[in-house]
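One letter stands for each residue in the lines below.
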Amino acid sequence: MSAQTIPLGQYIFRRIKELGTEHILGVPGDFNLTLLDEIYNVPNLKWVGCCNELNGAYAADGSTRIKGSPAVLITTYAVGELSAMNGVAGAYAEHAGMIHIVGMPARNLQKSRAMLHHTMEPNMDQSIYIQMAAPIRKAHAFLMEDSTMAEDIDRVITACVQSRLPVYIYVPVDVVSVQLDTKRLETPLDTALRNPDSKTEDHIVSTALSLIQAASTPAILADVLTSRHGGLGLTKKLADITQFASFSTPLSKGVIDETSPYYNGLYNGKVSFPGVAEAVERSDLVINIGPLLSDSNTGGFTRDIKDDNLVYLGHDLVQIKGEKFPGFHFLPILKRIVAELEAQPSKYNLPRPQKSRRVVPPVLNDAKTGELKQSYVWQRLGRFLKDNDIVLAESGTAQFGMPDATFPRNTRYITQIFWSSIGYTVGSCLGALIAAKEMKYPGRVVLVVGEGSLQMTVQEIGTYIRYCFKPIIFVINNNGYAIERAIHGPKQGYNDVSMMWDHQKMLEFFGARAENGVKANSRATRTVEELEAVLTDENFASGNSIQLCEIFMDKFDYPWRLSGQLDVVRARMRQAAATPNATSGFPGADSVEHELCLVGIWLDGIFIKPCATLLD
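Residues numbered from 1 in each chain as written. Predicted model: local features only at pLDDT ≥ 70, side-chain atom pairs only at ≥ 80, totals over all residues. Heavy atoms only, no water.

Digging into the overall build of the chain
Here's step 1: Assigned secondary structure in the chain consists of 24 helices and 23 strands.
Here's step 2: Relative to the globule expectation of 25 Å for 616 residues, the C-alpha radius of gyration of the chain, 25 Å, shows essentially globular dimensions.
Here's step 3: Principal-axis analysis of the C-alpha atoms places the extent of the chain at approximately 70 × 65 × 55 Å.
Here's step 4: Expressed as a percentage of contacts within the chain between residues at least 6 apart in sequence, the contacts between residues at least 24 apart total 74%.
Here's step 5: Seen as two clouds, the 59 positive and the 66 negative side-chain charges of the chain have centres 4 Å apart. (Helix = DSSP H or I, 4+ residues; strand = E, 2+ residues; numbered from the N terminus. Rg over C-alpha atoms; globule rule 2.2 N^0.38 Å. Contact = heavy atoms within 4.5 Å. Lys, Arg positive; Asp, Glu negative; His and termini not counted. Charge placed at Lys NZ, Arg CZ, Asp CG, Glu CD.)

Looking at empty space enclosed by the protein
Here's step 1: Counted according to the given criterion, the structure contains 5 cavities of 30 Å³ or more.
Here's step 2: Empty space within the largest cavity amounts to approximately 140 Å³.
Here's step 3: Lining of the largest cavity is provided by 15 residues; of these, Ser227, Arg228, Val255, Arg412 and Tyr413 occupy positions nearest its centre.
Here's step 4: Taken together, the elements giving at least two residues each to the lining of the largest cavity come down to helix 3 (53-67), helix 9 (225-228) and strand 17 (412-415).
Here's step 5: Sorting elements by how many residues they give to the lining of the largest cavity places strand 17 first, with 3 residues.
Here's step 6: Residue-level mapping places the lining of the largest cavity at the junction of two domains, with at least three residues from each of domain 2 (198-348) and domain 3 (374-561). (1 Å grid on protein atoms, 1.4 Å probe; cavity = no way out; pocket = protein on both sides within 12 Å on 5 of 7 lines; lining within 4 Å. Points joined across faces, edges and corners; volume = space filled by probe spheres on them. Domains from an automatic or database assignment.)

A few points about the domain arrangement of the chain
Accessible area lost when the parts come together is the quantity often used to give the size of an interface.
Here's step 1: The domain boundaries assigned to the chain delineate domain 1 (5-186), domain 2 (198-348) and domain 3 (374-561).
Here's step 2: On a C-alpha basis, the centres of domain 1 and domain 2 stand 36 Å from each other.
Here's step 3: Between domain 1 and domain 2, the residue contacts involve 8 residues of the former and 7 residues of the latter.
Here's step 4: Here domain 1 and domain 2 share an interface that buries about 610 Å² over both sides, 49% of which is from carbon and sulfur atoms.
Here's step 5: In terms of surface lost to domain 2, no three residues of domain 1 exceed Glu94, His95 and Arg164, which account for 75% of the buried area on that side.
Here's step 6: For the interface between domain 1 and domain 2, the tally reads 1 salt bridge.
Here's step 7: For Glu94, the salt bridge goes to Arg228, with nearest N and O atoms at 3.7 Å.
Here's step 8: Class assignment of the residues belonging to the side of domain 1 that touches domain 2 gives a composition of 2 nonpolar, 3 polar and 3 charged. (Buried area = accessible area lost by both parts, 1.4 Å probe. Salt bridge = Lys/Arg side-chain N within 4 Å of Asp/Glu carboxyl O. Nonpolar A, V, L, I, M, F, W, Y, C, P; charged D, E, K, R; others polar.)

With respect to the UniProt feature "domain: Thiamine pyrophosphate enzyme N-terminal TPP-binding" (unreviewed entry) in the chain
Here's step 1: UniProt records the feature "domain: Thiamine pyrophosphate enzyme N-terminal TPP-binding" (unreviewed entry) at residues 8-126, using the numbering of this structure.
Here's step 2: Within residues 8-126, the helical portion is 44% and the strand portion 16%, while the C-alpha atoms at the span's ends are 21 Å from each other. (UniProt positions renumbered as here; feature names shortened; annotations may be inferred.)

Description of the packing of helix 10 (residues 232-242) against helix 12 (residues 330-343)
Here's step 1: For the pair helix 10 and helix 12, interaxial distance at closest approach is 10 Å and the crossing angle is 30°. For the element pair helix 10 / helix 12, the angle class is roughly parallel. The hand of the helix 10/helix 12 crossing is left-handed. Touching Leu234, Thr235, Lys237, Leu238, Ile241 and Thr242 of helix 10 are Leu331, Leu334, Lys335, Val338, Leu341 and Glu342, all from helix 12.
Here's step 2: Residues that form the contact of helix 10 with helix 12 fall into these classes: 7 nonpolar, 2 polar and 3 charged. (Axes fitted to C-alpha atoms, helices over the stretch in contact; angles between N-to-C directions. Parallel < 35°, antiparallel > 145°, perpendicular 65-115°, else oblique. Left-handed = near helix turned anticlockwise from the far one by under 90°.)

A word on helix 13 (residues 374-384)
Here's step 1: Counting buried residues along helix 13, 9 of its 11 residues qualify, which places the element largely inside the surrounding structure.
Here's step 2: Among the residues of helix 13, those classed as buried are Gln374, Tyr376, Val377, Trp378, Gln379, Arg380, Leu381, Gly382 and Phe384. (Buried < 20%, exposed > 50% of the residue type's maximum accessible area, 1.4 Å probe, protein only.)

Remarks on the sheet that holds strand 19 (residues 472-477)
Here's step 1: Spatially, 17-16-18-19-21-20 is the arrangement adopted by the 6 strands of the open sheet, whose pairing is parallel. Strands with a single pairing partner mark the edges of an open sheet, and in this sheet they are strand 17 and strand 20 (520-525). The average angle at which neighbouring strand axes cross in this sheet is 15°, direction not considered.
Here's step 2: Pairing geometry for strand 19 and strand 21 (residues 546-552), over 6 bridges, is parallel. Bridge pairing in strand 21 links Ile473 to Leu548.
Here's step 3: Packing against the sheet, helix 15 (residues 424-439) makes contact with strand 16 (390-393), strand 17 and strand 18 (445-450), and its axis sits at approximately 175° to strand 18. (Pairing = 2+ DSSP bridges.)

Some thoughts on a nonpolar patch on the surface
Here's step 1: On the surface, a nonpolar cluster with roughly 260 Å² of combined accessible area is contributed by Leu82, Met120 and Met132.
Here's step 2: Along the chain, Leu82 falls in helix 4 (residues 79-93). (Patch = residues over 30% accessible without salt bridge, like charges linked within 9 Å, V, L, I, M, F, W, Y side chains within 5 Å. Areas by Shrake-Rupley, 256 points an atom, 1.4 Å probe, with all protein chains shown as cover.)

Structural notes on the packing of aromatic side chains
Here's step 1: Throughout the structure, instances matching the rule amount to 12 aromatic pairs.
Here's step 2: Ring centres 6.3 Å apart and planes at 70° place the aromatic pair Phe325 and Phe328 in the edge-to-face group. The exposure classification of Phe325 matches that of Phe328, with both residues buried.
Here's step 3: Relative to Tyr413, the ring of Phe407 lies with its centre 5.3 Å away and its plane at 65°, an arrangement referred to as edge-to-face. (Phe/Tyr/Trp six-rings, centres within 6.5 Å; stacked < 30°, edge-to-face > 60°.)

Remarks on the pairing of strand 2 (residues 23-26)
Here's step 1: Here strand 2 shows a buried face lined by His23 and Leu25 and a second buried face lined by Ile24 and Gly26.
Here's step 2: With 2 bridges joining them, strand 2 and strand 4 (residues 72-76) adopt parallel strand pairing. Bridging from a neighbouring strand, Leu25 pairs with Leu73 of strand 4.

Re the UniProt feature "binding site: Mg(2+)" (unreviewed entry) in the chain
Here's step 1: Mapped onto the present numbering, the UniProt feature "binding site: Mg(2+)" (unreviewed entry) falls on Asn478 and Gly480.
Here's step 2: With relative accessibility at 2%, the residue Asn478 sits in the buried group.
Here's step 3: Ignoring any residue separated from it by four or fewer positions in sequence, one finds Asn478 in contact with Gln374, Thr397, Glu451, Met553, Asp554 and Lys555.
Here's step 4: Tracing the backbone through its elements, the reader meets Gly480 in the loop between strand 19 and helix 18 (482-487).
Here's step 5: Beyond its immediate sequence surroundings of up to four residues, Gly480 is in contact with Glu451, Arg485, Asn495, Val497 and Met499.

So, the sheet that holds strand 5 (residues 99-104)
Here's step 1: The 6 strands lie next to each other as 3-2-4-5-7-6, forming an open sheet whose pairing is parallel. One side of each edge strand has no neighbouring strand; the edge strands of this open sheet are strand 3 (46-49) and strand 6 (139-142). Taken over all neighbouring pairs, the strand axes of this sheet differ in orientation by 25° on average, direction set aside.
Here's step 2: Of the pairings in the sheet, the one linking strand 5 to strand 7 (residues 167-172) comprises 6 bridges and is parallel in character. Within the sheet, the bridge partner assigned to His100 lies in strand 7 and is Tyr168.

Remarks on the state of the cysteines
Here's step 1: This structure, assessed with the given rule, holds 0 disulfides.
Here's step 2: In this structure Cys50 is not part of a disulfide, and its nearest cysteine sulfur, from Cys51, lies 7.4 Å away.
Here's step 3: Here Cys468 stays unpaired: no disulfide links it, and the sulfur of Cys429, its closest cysteine neighbor, is 15 Å away.
Here's step 4: Classification of Cys468 by relative accessible area gives exposed; the value is 58%. (Disulfide = S-S within 2.5 Å.)

Following this line, the structure appears as structure tokens:
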């Protein structure tokens, strides 16, 4: 190899290393093995093998959420890439963009349509799986032409960084060694975000600043895409500079410092603590940054913020009161707003603390003894957390219970309440652990997962131990799928899971044993006293070894936010059934029809038909 060229495999990984990536996730397969060899030819780049491709995708998602730059997943053709697809789709839905690299058969075999393993029938177009991934990616490169390979790789990686959505690179076995010009690597990728029209951006910024200057009761509502799209630091600075009453959503806990005097709680429409919804909705200016308006992130579409009071700073739409600007991204705009407020605080009468009393969350359950309840556990876990912790709350009761907790400073929070794939956090935790290692993150990694969800993806705990990671794991054992019981069929057998697992032996089974040099501790708790003994144990809380605490709760005990949101949905469906031709008057009616009414729902033993027929 001459000094002027480099194998394509190395080119990809050098571009990836340019993003600050230090670990590559994935599962080996015969169509990606020579590509994996090239990882070891790039200094300071390491391989992390996952137990399966779905968990690998979850891990890439979790790493991206913590580090802010795209993680990388490598799978093999067909069986590997298809296994990962659910995890990639979740990353697409929640803007945790990853780079998914797929090793494919050699080009000559694709052209001859050879009946290789992993194909489905004779004469099959082997690019058919590429088509399957089309809805869950922002861009892709199918590396078939030598002359465009470097350009295509650069284009796709840039698209991932800018969009925060997954991308795919398909690498036939025979192209790994194709020689590419190294001169391209001398020019870093241009991943900066720019809005399409500078004059329009000027108008947006000046109008927003004027509204900030004139507002009497302004508020900041920081949603999850704030952090996904690189606005976490700016949003924290905006809240600190202005001292405006600030709020989070179920997906964005931790974006605003919850210990600060201006934090007023988690806004989830009607499913909010007392006083929170009123405080947001009575504000004469709500600066809503990075919104993701899904059902579970808006209290079942009960968010009620008037357009006349709204500055909506989205990733693909900015709206100032009723004036909409499609295709504009909040990040360049937010940078300019924060810079102006920071430069001239007196002009905008800053800082400007809120006039009314701060909304303080109520204590739901201050029990000192007795059996563990949902109303007690979540706020107690919040008091267990420390500054700089990374917390993962699994789909199910954990993601509806953890919002009750008050987070310490700089808590990073991962949950998947929009995509809600059961078992997600076990794989995602691996990615968070990797990101924390790369960033030399000072806090602990705390995983809270239900025993039903754990059964989906439990094998990745073995990967934690294999790579010497030391998370603190809470297993919520409430005898089955509690969230499904709450929705329907509380006593039906399909909501049961195997209760024959012994979680107290799980860490040992996966390798945390003295002969392996791995310290671990597992505890089971059924009462307030037992949980308190664990949470106040300095060894358990230290994060110096992998720890597990199993928390037993009644299977019919649900977080109040879960029950509250279901009450909202059921009330709305009853109203729709009673007035089949009326859709107006529903907050977010279009979204409600799309998200809730594509399927039927059981209410009090009666099956209500889908809105496709209900609302004709």
